[in-house]
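# Per-entry structural report
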Amino acid sequence: MTVAQTSMDAFRRGRTTSTAKLQCDRIADYVARSGTATIAEIAQALRIEKSSVSARRSELIAAKRLELAEERKCSATGRWVQSVRAVPVPERLMQ
């Protein structure tokens, strides 16, 4: 592997990480403002691919920034799906 290839790999890795973090922050903010949200609602509102929203949602649940909420009809798809809600800040700090 050349120096140029290694540099490009490092650049892409850093860029991907910052993009994922930015998406996580945007999703968490949106859900906090909305009360509850589904993957399709988040994707539609923030113009992020549903697959990316799904991945970030899982990361946010694992980080205890979001938690599963009730199953309800999605306003974007009309299907019954699991929604998420923001975890209140004091609960996150206690864990």
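Going by the structure above, here's the rest.
Residues numbered from 1 in each chain as written. Predicted model: local features only at pLDDT ≥ 70, side-chain atom pairs only at ≥ 80, totals over all residues. Heavy atoms only, no water.

### A short note on the pattern of salt bridges
Taken as a whole and judged by the stated rule, the model has 6 salt bridges. In this structure, the salt-bridge partner of lysine 21 is aspartate 25, at a minimum N-O distance of 2.9 Å. Here aspartate 25 and lysine 21 lie together in helix H1 (residues 3-34), a separation of 4 residues that amounts to about one turn. In this structure, glutamate 41 and arginine 72 form a salt bridge, with 2.6 Å as the shortest nitrogen-oxygen distance. Placement of the pair is glutamate 41 in helix H2 (residues 39-46) and arginine 72 in strand E1 (residues 66-73), with a sequence separation of 31 residues. (Salt bridge = Lys/Arg side-chain N within 4 Å of Asp/Glu carboxyl O. Helix = DSSP H or I, 4+ residues; strand = E, 2+ residues; numbered from the N terminus.)

### Topic: helix H3 (residues 50-62)
Taking 1.5 Å of rise per residue, 13 residues should cover 18 Å, and H3 covers 18 Å from first to last C-alpha, within 8% of that figure. Along H3, the residues classified as buried are Val53, Arg56, Arg57 and Leu60. Buried residues of H3, viewed axially, fall in a sector of 110 degrees; they line one side. Within H3, the exposed residues directed more than 90 degrees away from the buried face are Ser51 and Ala62. Backbone geometry just downstream of H3 places lysine 64 in the positive-phi region, at approximately 65 degrees. (Expected span 1.5 Å × (residues − 1). Buried < 20%, exposed > 50% of the residue type's maximum accessible area, 1.4 Å probe, protein only. Arc of directions from axis to C-beta.)

All we've got here are geometric facts, nothing functional implied.
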